[in-house]
Amino acid sequence: MPAIYKFADFELDEKEEMLSRAGKTLPLNHRAFQVLLLLVQRAGETVTKEEFFESVWAESFVEENNLSVAAAFLRKALNDDPKRPRFIETVPRRGYKFIGEVTVADITPVELPTVSAASSEAAQLETPVSGLPSMPPAENVSAPRRFFHGRKILIVSAVCTVALLVGAGFKLLSPDPLDSASSQLFPTVKPAFESVAVLPFAYANVEEEYLADGFTEALTDALSQMSELRVISGSSTAKFKGEGTNTDEVAKRLGVKAIVTGKFEHVNDDILLNLALTDTAERTVIWTTQYRLANKNPTQVQTLIARDVALNLRVANAAAAKPRYQPDPKAYLLYLKGNYYWNRREEASDTGFYDRAVELFKEALDIDPAFALPYVGLANVYGQMSYGSKYCPRTPRERFEIVNGYLAKALELDPTLADTYASMGMSDLFLGQAPQWKSAEANFRKALELEPSNANAQHWLAEYLALAGRYDESYAAYDRAIALEPLSTAVRGDKCYAIWFAQRYEDAVTCMEEVRDLDRAFKRTYWYLLGIYITAERYNDVIETLRTVEHDNAMKKYAEEDYNSLKKALKDGGKTGFLKAYLHIWSREKSPWILAGVYSQLGENDKAFEQLDLAIETGGGGVVYTTAMPLFAPLHNDPRWATVRTRIGLDP
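These figures come from a predicted structure and were not determined experimentally.

What is the right way to read the overall build of the protein from this model?
A count of helices and strands for the protein gives 24 helices and 14 strands. The proportion of buried residues among the 652 residues of the protein is 53%. In the protein, the proportion of contacts linking residues at least 24 apart, taken out of those at least 6 apart, comes to 64%. Surface summary for the protein: the accessible area is close to 28600 Å², and the carbon and sulfur share equals 50%.

Looking at this structure, I do not really get helix H9 (residues 329-343). What am I missing?
Three- or four-residue spacings in an α-helix give side chains the same orientation, since the helix completes a turn every 3.6 residues. Here H9 contains 15 residues, and its C-alpha end-to-end distance of 21 Å stays within 8% of the 21 Å for a straight helix at 1.5 Å per residue. Those residues of H9 that sit buried are Ala331, Tyr332, Leu333, Leu334, Tyr335, Leu336, Gly338, Asn339, Tyr340 and Trp342.

Got a minute to help me understand the sheet that holds strand S7 (residues 95-98) in this structure?
Pairing between the strands of a sheet comes from backbone hydrogen bonds, and it takes one of two forms, parallel or antiparallel. One open sheet accounts for 3 strands, arranged S5-S7-S6; its pairing is antiparallel. Since the sheet does not close on itself, it has two edges, and those belong to strand S5 (46-48) and strand S6 (88-91), each with one partner. Averaged over all pairs of adjacent strands, the angle between their axes in this sheet comes to 30°, without regard to strand direction. Across 4 bridges, S6 lies against S7 in antiparallel orientation. Bridge pairing in S7 links Ile88 to Phe98.

What's the story with unusual backbone geometry in this structure? I'm lost.
When glycine is set aside, most residues are seen to have a negative phi, and most peptide bonds are trans. Despite not being glycine, Ala8 has its phi angle at roughly 50°, a positive value. With relative accessibility at 58%, the residue Ala8 sits in the exposed group.

Sorry, what's going on with the state of the cysteines here?
A disulfide bridge is the covalent bond that connects two cysteines by way of their sulfur atoms. Counted according to the given criterion, the structure contains 1 disulfide. The side chain of Cys496 participates in a disulfide bridge whose partner is Cys511; the two sulfur atoms lie 2.0 Å from each other. Judged by the sign of its S-S torsion, about -70°, the bond between Cys496 and Cys511 is left-handed. Of this pair, Cys496 sits in helix H17 (residues 489-501) while Cys511 sits in helix H18 (residues 505-518), and the two are 15 residues apart along the sequence. For Cys511, a relative accessible area of 17% translates into the label buried.

Looking at this structure, how should I read the nonpolar core?
A general tendency of soluble globular proteins is for nonpolar side chains to be buried together. Counting residues in hydrophobic clusters, the biggest one holds 146 residues, and the most contacted among them are Leu223, Leu313 and Tyr582. Element by element, the count of residues in this core is highest for helix H21 (residues 559-589), at 11 residues.

Which parts of the structure should I look at to understand the pairing of strand S1 (residues 3-7)?
The two faces of a sheet get side chains in turn, since along a regular strand they alternate between them. Burial analysis of S1 places 4 of its 5 residues in the buried class, the great majority of the element. Two elements, S1 and strand S2 (residues 10-13), share 4 bridges in a ladder whose sense is antiparallel. Within S2, the residue paired with Tyr5 across the bridge is Leu12. The loop that links S1 with its antiparallel partner S2 comprises 2 residues; one of these, Ala8, has a positive phi angle of about 50°.

Just to check I follow, could you spell out the environment of Asp80 for this structure?
As for its position among the elements, Asp80 is in the loop between helix H3 (65-78) and S6. In this view, Asp80 contacts Arg75, Pro85, Arg86, Phe87 and Ile88; residues no more than four positions away in its chain are not counted. Polar contacts involving the side chain of Asp80 include one to the main-chain amide nitrogen of Phe87, which spans 3.3 Å.

Teacher, can you tell me more about the packing of aromatic side chains here?
Between two aromatic rings, the relevant description is the distance of the centres plus the angle of the planes. The tally for this structure, following the rule as stated, stands at 28 aromatic pairs. An angle of 20° between the planes, with centres 5.5 Å apart, marks the rings of Phe7 and Phe10 as stacked. The exposure class of Phe7 is buried, given its relative accessible area of 1%. The class for Phe10 is buried, based on a relative accessible area of 1%. Aromatic side chains Phe430 and Tyr625 sit 5.9 Å apart centroid to centroid with 45° between the ring planes, which places their arrangement in the tilted category. Here the residue Phe430 occupies a position in helix H13 (residues 418-430), and Tyr625 occupies one in the loop between helix H23 (605-618) and helix H24 (640-647), the gap between them amounting to 195 residues. Grouping residues by exposure puts Phe430 and Tyr625 together as buried.

Help me out: how do you make sense of the packing of H18 against helix H19 (residues 524-535) in this one?
A pair of packed helices is characterised by two quantities: the angle between their axes and the separation of those axes. Where H18 meets H19, the closest approach of the two axes is 10 Å, and the angle between their N-to-C directions is 160°. When the axes of H18 and H19 are compared, the pair comes out roughly antiparallel. H18 and H19 meet at a crossing whose hand is left-handed. Contacts between H18 and H19 involve Tyr505, Ala508, Val509, Met512, Glu513, Val515 and Arg516 on the former and, on the latter, Thr525, Tyr526, Tyr528, Leu529, Ile532, Tyr533 and Thr535. Residue composition of the contact of H18 with H19, by class: 10 nonpolar, 2 polar and 2 charged.

Help me understand helix H15 (residues 455-467), please; the structure alone is not making it clear to me.
Compared with the 18 Å implied by 1.5 Å per residue over 13 residues, the 18 Å span of H15 between its first and last C-alpha is a close match. Among the 13 residues of H15, 12 are classified as buried, and the element is accordingly described as predominantly covered. Along H15, the residues that are buried comprise Ala455, Ala457, Gln458, His459, Trp460, Leu461, Ala462, Glu463, Tyr464, Leu465, Ala466 and Leu467.

How each quantity is defined
Residues numbered from 1 in each chain as written. Predicted model: local features only at pLDDT ≥ 70, side-chain atom pairs only at ≥ 80, totals over all residues. Heavy atoms only, no water. Helix = DSSP H or I, 4+ residues; strand = E, 2+ residues; numbered from the N terminus. Buried < 20%, exposed > 50% of the residue type's maximum accessible area, 1.4 Å probe, protein only. Contact = heavy atoms within 4.5 Å. Areas by Shrake-Rupley, 256 points an atom, 1.4 Å probe, with all protein chains shown as cover. Expected span 1.5 Å × (residues − 1). Pairing = 2+ DSSP bridges. Axes fitted to C-alpha atoms, helices over the stretch in contact; angles between N-to-C directions. Disulfide = S-S within 2.5 Å. Core = buried A, V, L, I, M, F, W, Y, C linked by side-chain atoms within 4.5 Å. Polar contact = N/O pair within 3.5 Å; in protein donor to acceptor, adjacent residues only side chain to side chain. Phe/Tyr/Trp six-rings, centres within 6.5 Å; stacked < 30°, edge-to-face > 60°. Parallel < 35°, antiparallel > 145°, perpendicular 65-115°, else oblique. Left-handed = near helix turned anticlockwise from the far one by under 90°. Nonpolar A, V, L, I, M, F, W, Y, C, P; charged D, E, K, R; others polar.

Structure follows, in structure tokens:
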């Protein structure tokens, strides 16, 4: 018969799984409650570690420190000092003893709602049960079952290869379906942690890097769909890949309340994924768990992992998320490999990573043509690959058609993928003959509706708003993007560009120089500074910056010659002399956009419009920048400017 246990001014309600003090309910998770219940039921006796594992973690796969974490959590809830305990005393090398005075009162049993043991996993995920404590769990709410009996302590042993993941079907880490105690939904309240970063998962063998990266990205994406959370993007967390985890440093740089870490390890012939959730304010690991190899599809496993992490972050309705399409396991592995190469594209000195990504995405679709994600991957690769790639489209129109064909197929297969809408927005803006302004904004906002922490969609929406001249909205959107990508020089630099679009030239200089100093190896910042310095009439800075730019690309052989000619031109001819020399340099490169901007600055409007006509007729990504670029500001009073605006889809 359930009972209420009283000690000091605390009450422990066995039926409701509730701890209260002076009538106020204290937060306690299921595992911690069971540990405390066992202690008070055997007050005055030593409860051994073995007994805790047999009772509280029966048939679960668990680490030794799970009990220590639970004990520390309980002491905090009870305001109990381990050095001078009133309630929980440590018995060295054996276990714990409850030393407080306990009284017991029986209560009338009432049947609780349960989840049928025969119900499906999906049904269990969606079945709410009321009357539960509302504290984020300090232990795994769904520890793997079935594999062993009795006490389970992790022992890391022999190393195996990633070949285990293929062969006779895919085997991946997975706990069993939720039982009635672990499938509870938390009430709709503010989450305990409003911000989280998933750090790159570690791996035992280099061959598994793509798998670790894929699981890290999948968890980040899943959490990003939860509107209650601010989830740091993978581009920022990737900077901590391969480093020892200093949670204080990570929390400071990313500005988060919680950090998820993971590591793939080998035990005999199986692979384990060990996860941990750290409270950065308390500097404590509040939850750990392990997922063991099982014959399940990887996306099912990722759904379970995302649910478990969200439950421990105390996100409302975290367990109600429905799993996505379950692709063929081999196709999913190929997709993860393709995405691995796509994400490494900026590391390459050539175009090999683009080509490898295309090949792997297509291999995945050969196996499972109903799998939407590789289509999105192909659209992204074709949208950005350079002309050096063997797969690069020959014309902007061909690029546009290929990208949109893949996106349309992805949308047909799965209309809930935020990345599809975000990529469609970019295609609307940058790849067509003329920007499609309204549909671009609609697609960016749809992406954020589906995935509120989608960093790309937030970044691209901010850029769109700046290009559309909606500067205050753009700055606010950039601030949200920076909160999701705090370490991204690209996002910060683009915000500086938005300030430049508003013709706040000195503010733009200050902003962009700060970004440059954050990461002097990020070359795009220098290209941005060229235009900003010209409109701010800081020509010596243009000369120094161009020298840096030219030394880093195919123009290197001209770098010193151009530097000296610009110095001399500025000294001898001032602004006009400098601009004419600058024009000569870019005439060599035959870039109509840059030539139009320099002609505009020189006041040679006819030549500026001639170059603009050529650039707009050619199409491509530069078209969308035309009306926003301050280099063209001297043309705004010319009657021909209205025609330019009309040609790129804006009101005259």
